[in-house]
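Commentary on secondary and tertiary structure
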Amino acid sequence: MSDRSQARSVEDQRSRSERRPPRQPLLPPTRTRRIPQPILTRTDTGFRRNRQLVRLGALLHDVGHAPFSHASEELFPDQEDGEGNYAHEQYSAAIVRGPLKAAIEDHKLNQGNYGFTADDVAALIEGSAAAKQGIFWRDLITGQMDADRMDYLLRDSHHAGVQYGRFDLRRLISTVTAIPGADGRPPRLGIEYGGWHAAEGLVLARYFMFTQVYFHKTRVAYDIHLREALKEMLPGGHFPRPTPEELGQYLKWDDWRVLGLLAEGKGGEHGSLLSTRNHYRLVFQTNEVQTQTDREKLTRVREKLRDLLAEEMPAGKSWYKRDDSDIAVYRNRDGQKTVAPLSEYSNVVRHLGSRDQIFVYCRPEHRREAAKRVEEAIHRLA
Amino acid sequence: MKFCYLLQTLRGVPLGYRFTLYSYGPFDSTVLSDLNTAETLRAVESNVTFYSGGYGYRISKGERADSVLQFAAPLLDKYRPDIEWVLEQFGSHGSADLELEGTIVYVDREAVRSSERLSVDQLAQRVRDVKPHFNEDYIREKVSTLREHGLLKSCSNAATARG
C-alpha cells in the first residue's frame, strides 16, 4: 500500500469513526454518590461495595427462572412448610449458593476488593435478614422502579418492534435519590422532583407493554399450551425442587430441552398445538376493568359454552402500587423539603387503577360454534 | 401490609401471600395489587395523608364496601376471630412500630426455618442489623414483649439460647 493510500485509509478510518456516534454504555453511570451520605451513613467505599453487590443481585436475581420464564411458574412444586409453591427467586438464590458459589467467592476481583460471599448475594435476592442494611437497595432489584423492569421494557419493546415500552431511562436514573426517613421510618429510594415525568413515563410504558404485547390474546394462549405441554413432559407434572439434591435436575430444564422435546412430538396435545401453531382461540373477553355487567356476561358465557370452554386465563395487573412500594418524589425547593408519592403529581398515574380482565378460549375447531354460543349468551343479556 | 403479614404468619390464615424483607419490613406486592383491585371495586378508598417530612396512606371503607363484604362473608366469618385478634393486638400501633414488629416476626421465622434458637439479644441484634434506625433498647423491648405473648418461635420461653 502506498504512503498516500495508507494516509487516506487512516483518514477514512478517522472520518468514519468521527461520523459514528460516540459509544454509549448500555446504562449511564449511576449517581449513587450524589445520594446524601448522612442519610445512609455510607462512605464512598461503602457505596462502591453496595453498588457491586446490587449489580450482582440484579444480574442474578432471575437465573432461577424455569423454561419460558413466567409461563411455567405454576409448575413449581409446593414448599414443605405449606407456604404455597416455590418462587423463581428461591431457585435463583439456590443457584447462587450452589453452582455459582465458587464463581463469586473465588473471583480474584472479589477476593481482592469486596469479599462477597454467595450468601450475601442470595440474601439480597430473596429478601432475607442476612442482607442486613443492604435491604435498602432491594427496591433496585425488585420494585416499581427496579433495574429489571427498566431493562425489559426497553428490550422487549425493541425486539417486539413496538414503541410502547419506551421511556426516558437516562433521565430517570439520573434523578434517583435517597429520601430521608421521617416519623420513625427508614430512608428509602425515590426520585428527585425533576424526574417525576420520567417516572410517569416508566409507569405508562409498562401499562402499554402489558396491554398491547404481554396480554395479547394469542401470546396468552401460548402460555396455556406451554404450561400444559411442560406438565406432560415433567416427571410428576412439576419441576424439581430448589434443594441441593434436586437443583441439578432443575437446571437441565432449559428452553432448548423443551423445544427439542416439542420437536420430537412430546408434550401431548398441547405440544402438538404448539408445534403446529394451531393455538386456542379467544371467544370472549371481559373489559379490562370488569363491571357488574361484565361479570354477569362472563357467568352466562361460561354456562352457554359448557364443554366448548377450553380455558380461562386471567390477564390482570396493577399498574401503580401505592403504600410501601410507591414511587416517592423528593423536592427541595428553597430549602423546604417535601416528599410525596408520584400519584400526587401525576394525574394519569393516579387514575390508572388496575386491570382484572378475563380471557375465555376455545379449541380452534370449535371456534364457530363457540362464537355462536357467546353471541347468544350476550344477546340474552342485552 | 403488616396486618396481612401478621394475620398470615401469627394466625395461619391462608392468604397466599409470599412476604420477603424490604426497607419497611415484610412486603409482598400482591397485597398492593389486591388493594388496587379493592379500590377499583370501590370497596376501599385510599387517600394520601401528609405529615412533617413524609406521607402515608389512609385506607377507608369505599362506597361499595358493604356489597363486597357481603360477597366475601363466608370467608370473613371463618377468620373473623383471627382478624379481630390482630386488630386487638396491633390495631392501635403506628406504622413504625408495625414495621419493627413485622420485621422481628420475620427474622424469628427465618431463624426457625434454619433450625436456629436465638436469645432475645441475638434476635434483637439481627433485627438491628436490618433496621439501624431503631434504638437498640427499643428493639429488645419489643422482642421481649412479643416473646412474652408467645408469638416468637426461635426464642420462645422454652427455647434454649445458643451461644
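Fair warning: this is a prediction, and the values are worked out from it, not measured in the lab. Throughout this document, residue positions are counted from 1 along each chain, in the order its sequence is written. Throughout, the order in which chains and ligands are written sets their labels, letters from A for the former and numbers from 1 for the latter. Local features in a predicted model are, by the rule used here, given only for residues with pLDDT of at least 70; side-chain atom pairs are given and counted only at 80 or more, and totals for whole chains, interfaces and linings are based on all residues.

**Overview of the overall build of chain B**
Each helix and strand counted, chain B has seven helices and four strands in total. Walking chain B from its N terminus toward its C terminus, one meets helices and strands in the order α-β-β-α-β-β-α-α-α-α-α. Remark: C-beta atoms are placed from the backbone, and a residue is labelled buried if 20 or more other C-beta atoms sit within 10 Å of its own, exposed if 12 or fewer do, or partly exposed between those counts. Out of the 163 residues in chain B, the part that is buried amounts to 34%. Here the contact rule is simple: place C-beta atoms from the backbone, and any two residues whose C-beta atoms are within 7 Å are in contact. Taking the contacts inside chain B whose residues are at least 6 apart along the sequence as the reference set, 52% of them involve residues at least 24 apart. The helix count covers DSSP runs of H or I at least four residues long, the strand count covers runs of E at least two residues long, and both are numbered beginning at the N terminus.

**As for helix 3 (residues 44-60) of chain A**
Residues and elements named next belong to chain A. Between its first and last C-alpha, helix 3 extends 24 Å over 17 residues, near the 24 Å set by a 1.5 Å rise per residue. Among the residues of helix 3, those classed as buried are Asn 50, Val 54, Leu 56, Gly 57 and Leu 60. Along the axis of helix 3, the buried residues cluster in a sector spanning 160 degrees; they form a single face. In helix 3, the exposed positions that point more than 90 degrees away from the buried face belong to Asp 44 and Thr 45. Of the surrounding secondary structure, the elements contacted by the buried residues of helix 3 are helix 4 (88-97), helix 7 (118-126) and helix 8 (138-141). Every helix has an expected span of 1.5 Å times one less than the residues it contains. Working definition: the arc comes from the directions between the helix axis and the C-beta atoms, pointing outward to the latter.

**Digging into the pairing of strand 6 (residues 336-341) of chain A**
Only strands that DSSP links by at least two bridges are regarded as paired with each other. Note that strand 5 (residues 328-333) of chain A and strand 6 of chain A share six bridges and pair antiparallel. By the bridge assignment, Asn 332 of chain A is partnered in strand 6 of chain A with Lys 337 of chain A.

**Some words on the interface of chain A and chain B**
Between chain A and chain B, the residue contacts involve 33 residues of the former and 36 residues of the latter. Those elements that provide at least two residues to the side of chain A that touches chain B are strand 6 and strand 7 (354-362) of chain A. The leading source of residues in the side of chain A that touches chain B is strand 6 of chain A, at three residues. In this classification, Asp, Glu, Lys and Arg are treated as charged, Ala, Val, Leu, Ile, Met, Phe, Trp, Tyr, Cys and Pro as nonpolar, and every other residue, Gly included, as polar. When the residues that make up the side of chain A that touches chain B are grouped by side-chain class, the tally is 11 nonpolar, 10 polar and 12 charged.

**A look at the packing of helix 1 (residues 2-11) of chain B against helix 5 (residues 95-113) of chain B**
All names here are of chain B. Axis definition: a line fitted to C-alpha atoms, over the contacting stretch in the case of helices. Angles run 0 to 180 degrees between N-to-C directions. At a closest axis distance of 10 Å, the pairing of helix 1 and helix 5 adopts a crossing angle of 30 degrees. As helix 1 packs across helix 5, the resulting crossing turns out to be left-handed. Of the residues in helix 5, those in contact with Lys 2, Tyr 5, Leu 6, Thr 9 and Leu 10 of helix 1 are Leu 98, Glu 99, Gly 102, Val 105 and Arg 109. Considered class by class, the residues forming the contact of helix 1 with helix 5 number five nonpolar, two polar and three charged. Crossing chirality is assigned from the near helix's rotation relative to the far helix, an anticlockwise turn below a right angle marking it left-handed and a clockwise turn marking it right-handed.

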